[in-house]
Structures are given as C-alpha cells and as structure tokens.
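# Structural overview for review
Chain by chain, the residues:
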Amino acid sequence: MNLLNKTLALAITALALQSHAAPYQAILPAKSSVTFSYKQMGVAVDGRFKKFAAQVSFDPAKADAAKASIDVELASVDAGSSEADDEVVTKSWFNAAAFPKATFVAKQFKQTAPNQYEVSGTLTIKGQTREVKFPMKHTAQGKDGVLTGGFTLKRGDFNIGEGMWAKFDVVANDIQVNFSLTATQGK
C-alpha cells in the first residue's frame, strides 16, 4: 500500500470514528455561562445568571435528533450590583417568588454550515411562552464540545418590567441573551 492509500485509509477511518462518537449528554456548569446585556438610560449594562441546569443530547453529526432544555434560576441573577439584583427579582420584573425559573426547550436543531446550527424552541418567563430561534455554534474540545449562541429577548413580550417600568425609555426593550455551554459525553 503506498503512502497516498495509507493516508486516505487513515482519513476515512478518522471520519468514521468521528461520526460514531457518543453524543454530548451532560453540561459542565463550572465551564458554562448564561449572560445578558441591555441598555439602561442609554448605558450598556451586563449581567449573568449564576445557577442553571441544562439537559442535552446532541450529536453534531445527527443534529435533527438533538434534544435540549435549560432552566435558569432567576433569583441567581447578577445584574452588576446588589441593589439591581434585589430589584430585578421583584414582582415588577422577574417576580421570582411566583416564577422562580426561566425555561427554554429546544424543538429543532438544523445544521446550516459545518459546526453551525439554527435552534428553535420555546422560552417561558413569568408564565409567558414565546417561540425563539437563534444560531448556535459547536466547537469540539477533545471529548467535550462548547455550544455557543444568543438571541435578542423583547422584555415586553414576557412582562419583564411592569407598572412604571413598562415603558422602554429608562430600560430598553431589547435584552441580548448569550450562552456558552460546555457539554461532555456520558452522564
């Protein structure tokens, strides 16, 4: 067997092994994040959620069979200051006492390019459920994979900021939500 044939055989074997790799089955919270950004009085503000749980079954080679969901504990918000953290969990904003979690459930993964997907599903916050669609990128890191993406949430669609906060003159309606989830094979 000449060098070219050996190289082709090795490449085909590597592709076959890659296509039969086990799907990602667990999220590593310590290596993952859910963040957000918005404008308050025209000034950019960043925040994050410290506690969330995600369930995933994702094989990059079989995206159409993927399943995923994430529950974000709204009271775990870090909005940049303790005053903001205390305010955003109140009834006017997240109403975390009555609605402790935001939940996203994926309905469809569609590959759009190598390692890039369009994800659609439902997002529920404060008892309001809306369809969302966003791009997601997969980056392999050994046996782990990093799934990144984001979308713009319209806070008015979920009654986030009621009463005197319902207008968008102080706090903008557009909230950019981003995630970076490190997934691993096995449970």
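Shown above is the structure to which this text applies.
All values derive from a computational prediction rather than experimental measurement.

### Digging into the overall build of the chain
A tally of regular secondary structure across the chain gives two helices and 11 strands. Mapped from its N terminus to its C terminus, the chain presents α and β elements in the order α-β-β-β-β-β-β-α-β-β-β-β-β. Sorting the 187 residues of the chain into buried and exposed places 36% on the buried side. For the chain, long-range pairs separated by at least 24 residues make up 58% of all intrachain contacts whose partners lie at least 6 apart in sequence. Total accessible area on the chain is roughly 11000 Å²; 56% of this is exposed by carbon and sulfur atoms.

### Side note on the packing of aromatic side chains
On inspection of all chains with the given rule, the structure shows 10 aromatic pairs. Summarising the aromatic geometry, the rings of Trp-93 and Trp-165 are spaced 5.4 Å apart at their centres and angled 45 degrees between planes, so their arrangement reads as tilted. Here the residue Trp-93 occupies a position in the loop between α2 (82-88) and β7 (101-113), and Trp-165 occupies one in the loop between β10 (144-154) and β11 (174-185), the gap between them amounting to 72 residues. We classify Trp-165 as partly exposed; its relative accessible area is 22%. Feature note: the residues Tyr-24, Phe-58, Phe-109 and Tyr-117 constitute an aromatic cluster, connected by ring pairs.

### Points about the environment of Gln-128
You can see Gln-128 is positioned in strand β9 (residues 128-141). Residues Gln-128 and Asn-159, 31 residues apart in the sequence, show an inter-C-alpha distance of 7.9 Å. Among all residues touching Gln-128, those that are not within four sequence positions of it are Leu-123, Asp-157, Phe-158 and Asn-159.

### Brief notes about the side chain of Asn-173
Structurally, Asn-173 can be placed in the loop between β10 and β11. Asn-173 has contacts with Leu-153, Lys-154, Arg-155, Gly-156 and Phe-168, leaving out every residue within four places of it along the chain.

### Some details on unusual backbone geometry
Unusually for a residue other than glycine, Asn-95 sits at a positive phi of about 50 degrees. Tracing the sequence through the fold places Asn-95 in the loop between α2 and β7. Phi at Asn-115 is positive, roughly 65 degrees, even though this residue is not glycine. We classify Asn-115 as partly exposed; its relative accessible area is 37%.

The rules behind the values
- Residues numbered from 1 in each chain as written.
- Predicted model: local features only at pLDDT ≥ 70, side-chain atom pairs only at ≥ 80, totals over all residues.
- Heavy atoms only, no water.
- Helix = DSSP H or I, 4+ residues; strand = E, 2+ residues; numbered from the N terminus.
- Buried < 20%, exposed > 50% of the residue type's maximum accessible area, 1.4 Å probe, protein only.
- Contact = heavy atoms within 4.5 Å.
- Areas by Shrake-Rupley, 256 points an atom, 1.4 Å probe, with all protein chains shown as cover.
- Phe/Tyr/Trp six-rings, centres within 6.5 Å; stacked < 30°, edge-to-face > 60°.

Everything listed is a geometric property; what it means functionally is a separate question.
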